[in-house]
Amino acid sequence: MPDKRYNVVFRGEVLDSFTVEQVKKNVAQRFKRDTAAVERLFSGGAFALARALPAEDADRLSRTLQNLGALVYIEEVPEPVREDPLAATTQPLPADARPAAADASPTTVMPAADE
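Cut-offs applied
Residues numbered from 1 in each chain as written. Predicted model: local features only at pLDDT ≥ 70, side-chain atom pairs only at ≥ 80, totals over all residues. Heavy atoms only, no water. Helix = DSSP H or I, 4+ residues; strand = E, 2+ residues; numbered from the N terminus. Expected span 1.5 Å × (residues − 1). Buried < 20%, exposed > 50% of the residue type's maximum accessible area, 1.4 Å probe, protein only. Arc of directions from axis to C-beta. Phe/Tyr/Trp six-rings, centres within 6.5 Å; stacked < 30°, edge-to-face > 60°. Lys NZ or Arg CZ within 6 Å of the ring centre and 35° of its normal. Pairing = 2+ DSSP bridges. Axes fitted to C-alpha atoms, helices over the stretch in contact; angles between N-to-C directions. Core = buried A, V, L, I, M, F, W, Y, C linked by side-chain atoms within 4.5 Å. Salt bridge = Lys/Arg side-chain N within 4 Å of Asp/Glu carboxyl O. Contact = heavy atoms within 4.5 Å.

**Points about helix H3 (residues 55–67)**
For H3, spanning 13 residues, the distance from its first C-alpha to its last is 18 Å, which sits close to the expected 18 Å at 1.5 Å a residue. Of all the residues in H3, the buried ones are Ala-58, Leu-61, Ser-62 and Leu-65. Projected down its long axis, H3 carries its buried residues within an arc of 105°, all on one side. Of the exposed residues in H3, those oriented more than 90 degrees away from the buried face are Glu-56 and Asn-67. Count one or two residues on from H3 and you reach Gly-69, which has phi positive near 105°.

**Section: the packing of aromatic side chains**
Note on aromatic pairs: each is described by the distance of the centres and the angle between the planes. If you walk through the whole model with that rule in mind, you get one aromatic pair. Lying over the aromatic face of Tyr-73, Arg-11 brings its terminal NZ or CZ to 4.4 Å of the ring centre. Its end group placed over the ring of Phe-31, Arg-30 keeps NZ or CZ at 5.1 Å from the ring centre.

**Concerning the sheet that holds strand E2 (residues 47–53)**
The three strands are arranged E2-E1-E3 in an open sheet whose pairing can be described as antiparallel. What marks the edges here is a single partner per strand, and that holds for E2 and strand E3 (70–76). Averaged over all adjacent pairs, the angle separating strand axes in this sheet is 25°, with direction ignored. When strand E1 (residues 6–14) meets E3, the two strands line up antiparallel, connected through six bridges.

**So, the nonpolar core**
Membership of the largest hydrophobic core comes to 17 residues, with the highest contact counts inside it found for Val-8 and Leu-65. Taken together, the elements giving at least two residues each to this core come down to E1, helix H1 (20–31), helix H2 (35–41), E2, H3 and E3.

**Looking at the pattern of salt bridges**
Side chains that differ in sign of charge can pair as their charged atoms come close. All chains considered together, the criterion is met by six salt bridges. Across the pair Glu-75 and Arg-11 runs a salt bridge, and its minimum N-O distance is 2.5 Å. Remark: Arg-11 occurs in strand E1 and Glu-75 occurs in strand E3; sequence separation between them is 64 residues. Residue classification places Glu-75 among the partly exposed residues on the basis of a relative accessible area of 29%. A salt bridge links Asp-57 to Arg-60; its shortest N-O distance comes to 2.9 Å. A residue pair is termed a helical-turn pair when its members lie 3 or 4 positions apart in one helix, as Asp-57 and Arg-60 do in helix H3 at three residues. A single salt-bridge network, built from bridges that share partners, covers Glu-21, Lys-24 and Glu-39.

**Quick notes on the environment of Gly-45**
Tracing the backbone through its elements, the reader meets Gly-45 in the loop between H2 and E2. Among the residues examined, Gly-45 registers a relative accessible area of 28% and is labelled partly exposed. Taking C-alpha positions, Gly-45 is 8.3 Å from Phe-10, a pair spaced 35 residues apart along the chain. If we ignore the near neighbours within four places in the chain, the residues touching Gly-45 are Phe-10 and Arg-11.

As structure tokens, this is what we get:
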């Protein structure tokens, strides 16, 4: 079974002891981003700042961002559903989907060349 993975998500929220402007400045300086890039993070949407991280890395990034004043969420990445590729071929066909009887006459699709 593969290890669980996590996304670190930011929704533009800041911790109580910080102002939005302080957090914007802190994030821009720490991650060496321009003002426009940081402004987009505060536009009201949810942004996955990192995707599919191991738990330890997600925790580390979360602590870093919280130290900068950003309120972030760690969300578990759901495991993909894997279907049995043979499942469809091992199920019986519905009665109305069965092939015609072997003694049924074939249907002509193209006329013979001499017609």
